Amino acid sequence: MVAGQIAIRVRDLVVGFGDRIVIDHLTLDVRAAEILGMVGASGGGKSVLMRTLIGLLPRRSGTVEFPLSSPNGSVPRGVLFQQGALFSALNARQNVQFPLREAAHLSPALLDEIANAKLEMVGLSASDGEKFPAELSGGMTKRVALARALALDPALLFLDEPTSGLDPIAAGEFDALIKTLQRTLGFTVFMITHDLNTLAAVCDRVAALADGRIAALGPLPDVLKSDHPWVRAYFHGARAQMLHLA
Amino acid sequence: MSDVPSLTATDRGPCLLQARGAWTVSHVELLERLCGDASRGKAGPIDLSGVTALDTVGAWLFEKLARSVPSGGSQSAFVGVPAAYSGLLNEVHQLNRAQTGARRPHGFPIDRLVRMGRELAADSLAFLHMLGAISMALLGVLRRPASFRLTSMVYQLGRVGWQAIPIMALITFLIGAIIAQQGIFHFRKFGAESYVVDMVGILVLREIGVLIVAIMVAGRSGSAYTAELGSMKMREEIDALSTMGLDPVSVLILPRVLALIVALPILAFLGSMAALYGGGLVAWLYGGMSPAIFIARLREAVSVTHFEVGILKAPFMALVIGLVAACEGFKVKGSAESLGAQTTASVVKSIFLVIVLDGLFAIFFASIGM
């Protein structure tokens, strides 16, 4: 995948429920092989935007294109949901194997080896694969969910608040993991996050969503200079000051 | 299509393999076959310059091929690796190094029997433990009646008693009607139609009325108790109660079990009446026996003892249903599947125990001549 190409092209996207418009004529390009961080107020439509891009929500108007989709039109993508969304009836290894099992006919031995390899890639051991989602800690749940999202080596990875609910050490490790895997496997990441550390450490570009539109877009230093009142409040508030971002 | 992967021997160097095409999960069946064939022959360094696409599955298969060569220094296992894929190959090279034990084999029948025995013992223990906990909670309430959760019990009584009346009456009415119809149909051959009244009366009052109602209550209310307590356990509500210094058994379980113990005899009585009504209606419309004769014969056929035998069993069946429901509810772990499994187990076990209890009561009443 060549850097500089567009992985997701969003034009004039409108999404709403009833008479409430959540996403209002939004236009956004996500470049291939970049990590884009999306910030926005709680309830401001970040998750709605992501769910629309994935195809879980219908759009009122506008277009969402994936120019790098494979010839048969399908978009290989992985999604890491906020709570992990692991299938509680399957253990960790079976969760990772599930997409593989559906996509291709692998021999059971190879299926186990690939699943173990994926679990090791996200920093777990093969013996963790025996555990059921109810037995996993928050950080491990996120890692298994990431392994499942990466099971089919997607070109596009959607992350919904990947570090929420993790302690700072675990969050830092998870950030590093995403960065490393992205460098190794070369996928594109669309990430919703509230974690200012994640934005600073991992994201190539940051997009700020306010009033249903992109209020600021660019590398973090550029976004910090934005004049938009909400963006200023977000990055120059007391909590952000503590991180010496401003 | 040029993307179709291949693995061919070339004459450039000894046993050099040349890989071409897309080594991705979509071609995995072909890839596994190729690698299987290649690993049987002698393999050397693999030339990857013709690979057009590579994902983790393909990279892992290459890595496996490289590892299957005994003397292969792993650095020299691949030549001509496209720059975009070297990171992935290096990553995969680190993986699956630890020898994982073979999958645990499924237990032999003996192991399974042993496990079932252990589970049975653990279940019985949990059942007795719950019985003890409820007795303790009841003693606590007797000592301090003000601590009893009357509102909760009345609410539960409404749910498991009052709201259950229509469906219980309908089911028992139909059962009574069916027993009467079958009795008339078959007894007619012997000219013994009038004994249908004896059969319906004794069967309904002693056994069927209370048994059908208990089974219905186990399915309707026992399962609801298990699901409620289980989801409370899942969401740590029960732990929250304990940390506030409250006993979950006396707050949650005692009112529910007492409500069942009060409701089941009432439901059994109403059910028996509905069944007798159904039987009488069929005897009149299908058997041509007038209601007055039916009632007169019923008065001769059944005594209050039959009614006592039936109704005495009801509170004990209610206790068993409540205890099983509470035990299974407290066994729920974090997952949705566990909630479903315990709810199923609750209904199955309580129906089983209700029938076993009914059998024991039959022996007991027979031996004391009731």
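Residues numbered from 1 in each chain as written. Chains lettered and ligands numbered in written order. Predicted model: local features only at pLDDT ≥ 70, side-chain atom pairs only at ≥ 80, totals over all residues. Heavy atoms only, no water.

1. Focus: the overall build of chain A
Test applied: Segments assigned H or I by DSSP are reported as helices when at least four residues long, segments assigned E as strands when at least two residues long, and all are numbered from the N terminus. Relative accessibility under 20% of the residue-type maximum defines a buried residue, over 50% an exposed one, and the middle range a partly exposed one, all with a 1.4 Å probe and only protein chains included. Note on areas: these come from Shrake-Rupley sampling with a 1.4 Å probe, and a residue is covered only by the protein chains present in the view.
A tally of regular secondary structure across chain A gives nine helices and nine strands. A buried classification covers 52% of the 246 residues belonging to chain A. When the accessible surface of chain A is totalled, it reaches about 10,600 Å², and 53% of it is carbon and sulfur.

2. Quick word on the overall build of chain B
Keep this limit in mind: Only heavy atoms matter for contacts: two residues are in contact if any of them lie within 4.5 Å across the pair.
Looking only at helices and strands, chain B has twelve helices and four strands in total. Counting every position in chain B, which comprises 370 residues, the buried fraction comes to 41%. Considering only intrachain contacts with a sequence separation of at least 6, the fraction spanning at least 24 residues in chain B is 80%. Surface accessibility of chain B: about 19,600 Å² in total, with carbon and sulfur atoms responsible for 67%.

3. Points about the sheet that holds strand β3 (residues 35–40) of chain A
Residue and element names in this part refer to chain A. The test is simple: Two strands form a pair only when DSSP identifies at least two bridges running between them. Every angle, taken between N-to-C directions, lies between 0 and 180 degrees, and every axis is a line fitted to C-alpha atoms, over only the stretch in contact when it is a helix.
Strand order across the open sheet formed by six strands is β5-β6-β7-β3-β8-β9, with mixed pairing between neighbours. Because the sheet does not close on itself, it has two edges, and the strands there are β5 (77–80) and β9 (213–218). The mean angle between the axes of side-by-side strands here comes to 15°, regardless of whether they run parallel or antiparallel. Pairing of β3 with strand β7 (residues 188–192), which is carried by four bridges, proceeds in the parallel orientation. Pairing of L36 across the sheet is with F190, part of β7. Its contacts with the sheet place helix α4 (residues 138–149) against β5 and β6 (156–160), and it is angled at close to 165° to β5.

4. Topic: the packing of helix α2 (residues 56–68) of chain B against helix α3 (residues 83–93) of chain B
Residues and elements named next belong to chain B. Formally: In what follows, roughly perpendicular refers to angles from 65 to 115 degrees, roughly parallel to angles under 35, roughly antiparallel to angles over 145, and oblique to any angle outside these ranges. In this scheme the handedness of a crossing depends on how the near helix is turned from the far one: anticlockwise by less than a right angle means left-handed, clockwise means right-handed. By the convention adopted, Pro, Cys, Tyr, Trp, Phe, Met, Ile, Leu, Val and Ala count as nonpolar, Lys, Arg, Asp and Glu as charged, and the other residues, Gly among them, as polar.
Contact pair α2 / α3: the axes reach a minimum separation of 9 Å and the direction vectors enclose 60°. Taken together, α2 and α3 sit at an angle that is classed as oblique. As α2 packs across α3, the resulting crossing turns out to be right-handed. On α3, the residues touching T56, A59, W60, F62, E63 and R67 of α2 are L88, L89, V92 and H93. For the contact of α2 with α3, the per-class residue count stands at six nonpolar, two polar and two charged.

5. Observations concerning the side chain of S350 of chain B
All names here are of chain B. Where we set the bar: As used in this structure description, the phrase polar contact means that two N or O atoms lie within 3.5 Å; if the pair is within protein, one of them must be able to donate a hydrogen and the other to accept it, and residues adjacent in sequence are counted only when both atoms belong to side chains.
Tracing the backbone shows S350 in helix α12 (residues 336–367). Classification of S350 by relative accessible area gives buried; the value is 1%. A distance of 2.7 Å separates the side chain of S350 from the backbone oxygen of S346, its partner in a polar contact. When sequence neighbours within four positions are dropped, the list of residues in contact with S350 reads A218, I321 and V324.

6. Some remarks on the interface of chain A and chain B
This is how it is decided: As a working definition, buried area equals the accessible area (1.4 Å probe) given up by two parts on being put together, with both sides summed. For this document, the term salt bridge refers to a Lys or Arg side-chain nitrogen within 4 Å of an Asp or Glu carboxyl oxygen.
With 25 residues of chain A at the contact, the number on the chain B side is 25 residues. Surface buried jointly by chain A and chain B totals about 2,000 Å² across both partners, of which 59% is contributed by carbon and sulfur atoms. There are zero salt bridges connecting chain A and chain B. Linking chain A to chain B there are two residue pairs in polar contact (both at pLDDT 80 or more). Those elements that provide at least two residues to the side of chain A that touches chain B are α2 (92–103), α3 (108–121) and α5 (168–185) of chain A. Per-element tally for the side of chain A that touches chain B: the top contributor is α3 of chain A, with nine residues. Counted by class, the side of chain A that touches chain B contains twelve nonpolar, six polar and seven charged residues.

7. Points about the pattern of salt bridges
Taken as a whole, this structure holds 20 salt bridges over all chains when the rule is applied. With a closest N to O distance of 3.2 Å, E65 of chain A and R9 of chain A form a salt bridge. Taken together, the residues E65 of chain A in strand β4 (residues 61–65) and R9 of chain A in strand β1 (residues 6–17) connect sequence positions 56 residues apart. A salt bridge links R256 of chain B to E228 of chain B; its shortest N-O distance comes to 2.6 Å. Here E228 of chain B lies in helix α7 (residues 196–234) and R256 of chain B lies in helix α9 (residues 248–285), a separation of 28 residues in the sequence. E228 of chain B shares its class with R256 of chain B; the two are buried. Connected through shared salt-bridge partners, D123, E328, K331 and K349 of chain B make up one network.

8. Comments concerning the sheet that holds β1 of chain A
All names here are of chain A. Taken in spatial order, the three strands make up an open sheet running β2-β1-β4, and their pairing is antiparallel. At either margin of the open sheet sits one strand with a lone partner, and together these are β2 (20–31) and β4. Adjacent strand axes in the sheet meet at a mean angle of 15°, parallel and antiparallel pairs treated alike. Sheet topology note: the β1/β4 ladder contains four bridges and is antiparallel. Bridged to R9 within β4 is E65. Where helix α1 (residues 46–54) meets the sheet, it contacts β1, β2 and β4, and its direction lies at approximately 120° from that of β1.

9. Some remarks on the nonpolar core
The condition that has to hold: Residue types Ala, Val, Leu, Ile, Met, Phe, Trp, Tyr and Cys, when buried and joined through side-chain atoms within 4.5 Å, form a set referred to as a nonpolar core.
Of all hydrophobic cores here, the largest spans 80 residues; its most connected members are L146 and F235 of chain A together with L7, W23, I46, L54 and F62 of chain B. Non-local contacts of I46 of chain B, meaning those with residues more than four positions away in its chain, are made with L7, L17, A19, F62, L65, A77, F78 and V79 of chain B. Ranked by size, the runner-up nonpolar core spans 29 residues in total, among them L211, Y225, A268 and L357 of chain B.

10. A few points about the pairing of strand β8 (residues 205–210) of chain A
Residues and elements named next belong to chain A. Taken across its six residues, β8 has six buried, putting it largely inside the fold. Alternating residues of β8 divide into R205, A207 and L209 and V206, A208 and A210, and every residue in both groups is buried. Taking the residues between adjacent antiparallel strands as the criterion, β8 and β9 are bridged by two residues, where D211 takes a positive phi near 55°.

11. A look at the pairing of β9 of chain A
Within a regular strand, the side chains alternate between the two sheet faces. Bridging between β8 of chain A and β9 of chain A involves five bridges; their strand directions are antiparallel. If you follow L209 of chain A over to β9 of chain A, its bridge partner there is I214 of chain A.

12. Re the packing of aromatic side chains
What counts, and what does not: Whether two aromatic rings pair depends on their centres lying within 6.5 Å, for rings of Phe, Tyr and Trp, where Trp uses its six-membered ring; planes under 30 degrees apart make the pair stacked, over 60 edge-to-face, and the rest tilted. Only when the NZ atom of a Lys or the CZ atom of an Arg is both within 6 Å of the ring centre and within 35 degrees of the ring normal do we say a charge sits over the ring.
One pass over the full model with this rule turns up ten aromatic pairs over all chains. Taking the centre distance of 5.7 Å and the plane angle of 55° together, the rings of F158 of chain A and F190 of chain A count as tilted. Here F190 of chain A lies in strand β7 and F158 of chain A lies in strand β6, a separation of 32 residues in the sequence. Taken individually, F158 of chain A and F190 of chain A each receive the classification buried, so the pair is uniform in this respect. Taken together, F316, F361, F364 and F365 of chain B form an aromatic cluster joined through their ring pairs. The aromatic ring of F87 of chain A is capped on one face by R148 of chain A, whose charged end is 4.6 Å from the ring centroid.

13. Here's the deal with the side chain of E161 of chain A
Residues and elements named next belong to chain A. This is how it is decided: Note on charges: Lys and Arg go in the positive column, Asp and Glu in the negative column, and His and the chain ends are not counted at all.
Within the element layout of this structure, E161 appears in the loop between β6 and α5. Of the buried charged residues, E161 lacks a salt bridge, with K46 as the closest side chain of opposite charge at 4.8 Å. Not counting chain neighbours up to four residues away, the residues in contact with E161 comprise Q82, K142, I192 and H194.

The quantities given are spatial measurements derived from coordinates; they are silent on function.
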